[in-house]
Amino acid sequence: MLQPKKVKYRLSMRGMMKGKAGRGTTLTYGQYGLKSLSSSWLSARQIEAARKAVSAFTKKGGKLWIRIFPHKPITKKPPEVRMGGGKAAVDHYASVVLPGTIIFELSGLSRDLAREAFRIAASKLPFPTSFVE
């Protein structure tokens, strides 16, 4: 799974997801892309599940680019622990996705194959997406 090799600060604040994406909104590498339509955190597991779904459907044909990376540490306390005791340990890493962000790009396949691959990948993601070319 994707996660940073080294971080400057072990824990981070939750932050706010307001507005639309300012960068990463146009296709750069491939012919086809999967664009988010709402904001959410996307965990490394969800990114990996979508990547596996695309590569399994395309039978490793074409080239896939992952345009997001999970930099944000998400903390979680164990179950049945009382309040207090400081901030919890890092549970997993996530990527902040704003509306308009291109998540995946794909090239070297037909339009119909790419659309179907991204439809399967979109079912693994927690927000609505659209197919762009």
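A few points on the structure. (Residues numbered from 1 in each chain as written. Predicted model: local features only at pLDDT ≥ 70, side-chain atom pairs only at ≥ 80, totals over all residues. Heavy atoms only, no water.)

**Side note on the pattern of salt bridges**
Using the criterion set out here, one finds 4 salt bridges in the structure. For the salt bridge of R51 with E48, the shortest nitrogen-to-oxygen distance reads 2.7 Å. Taken together, the residues span about one helical turn, with R51 and E48 both in helix α1 (residues 44-57) at a distance of 3 residues. A residue is classified by how much of its surface remains accessible, and E48, at 22% relative accessible area, is partly exposed. The partner of E116 in a salt bridge is R119, with the nearest N and O atoms 2.6 Å apart. Of the two residues, E116 and R119 both sit in helix α2 (residues 111-122), 3 residues apart, roughly one turn of that helix. E116 gets classed as partly exposed once you look at its relative accessible area, which sits at 27%. (Salt bridge = Lys/Arg side-chain N within 4 Å of Asp/Glu carboxyl O. Helix = DSSP H or I, 4+ residues; strand = E, 2+ residues; numbered from the N terminus. Buried < 20%, exposed > 50% of the residue type's maximum accessible area, 1.4 Å probe, protein only.)

**Considering the nonpolar core**
Counting residues in hydrophobic clusters, the biggest one holds 19 residues, and the most contacted among them are L42, I103, F104, L106, F118 and L125. Broken down by secondary-structure element, the contributors of at least two residues to this core are β1 (32-36), α1, β6 (102-107) and α2. Among the elements that line this core, the one with the most residues is α2, at 4 residues. Aside from chain neighbours lying at most four places away, what touches L106 is G30, Q31, Y32, V54, K63, L64, W65, A114, A117 and F118. (Core = buried A, V, L, I, M, F, W, Y, C linked by side-chain atoms within 4.5 Å. Contact = heavy atoms within 4.5 Å.)

**Some thoughts on the side chain of S43**
Relative to the assigned elements, S43 resides in strand β2 (residues 40-43). Owing to a relative accessible area of 15%, S43 belongs among the buried residues under this scheme. Among residues more than four places away in sequence, those in contact with S43 are H92, Y93 and A94.

**Let's talk about the packing of α1 against α2**
Helix packing for two helices is described by the angle between their axes and how far apart those axes are. Interhelical geometry of α1 versus α2 gives an angle of 145° and a closest axis separation of 8 Å. Seen along the crossing, α1 lies across α2 with a hand that is right-handed. Contacts from A50, A53, V54 and F57 of α1 reach α2 at L113, E116, A117, F118, I120 and A121. Per-class residue counts for the contact of α1 with α2 are 9 nonpolar, no polar and 1 charged. (Axes fitted to C-alpha atoms, helices over the stretch in contact; angles between N-to-C directions. Left-handed = near helix turned anticlockwise from the far one by under 90°. Nonpolar A, V, L, I, M, F, W, Y, C, P; charged D, E, K, R; others polar.)

**Focus on the pairing of β1**
Consecutive side chains of a regular strand alternate in pointing toward one face of the sheet and then the other. Counting buried residues in β1 gives 4 out of 5 residues, a clear majority hidden from the surface. In this sheet, β6 lies alongside β1 in antiparallel orientation, the contact comprising 4 bridges. Counted as the bridge partner of L34 is F104 from β6. The pairing of β1 with strand β7 (residues 129-132) spans 4 bridges and is classified as antiparallel. Within β7, the residue paired with S36 across the bridge is T129. (Pairing = 2+ DSSP bridges.)

**Details of the packing of aromatic side chains**
Throughout the structure, instances matching the rule amount to 3 aromatic pairs. Between the aromatic rings of Y29 and W65, the centroid separation amounts to 5.8 Å while the plane-to-plane angle is 20°, which identifies the pairing as stacked. Within this pair, whereas Y29 is found in the segment before β1, its partner W65 is found in strand β3 (residues 63-66), the two being separated by 36 residues in sequence. Relative to F131, the ring of F118 lies with its centre 6.1 Å away and its plane at 55°, an arrangement referred to as tilted. Within this pair, whereas F118 is found in helix α2, its partner F131 is found in strand β7, the two being separated by 13 residues in sequence. Through a chain of ring-to-ring contacts, the aromatic side chains of Y32, F118 and F131 assemble into a single cluster. (Phe/Tyr/Trp six-rings, centres within 6.5 Å; stacked < 30°, edge-to-face > 60°.)

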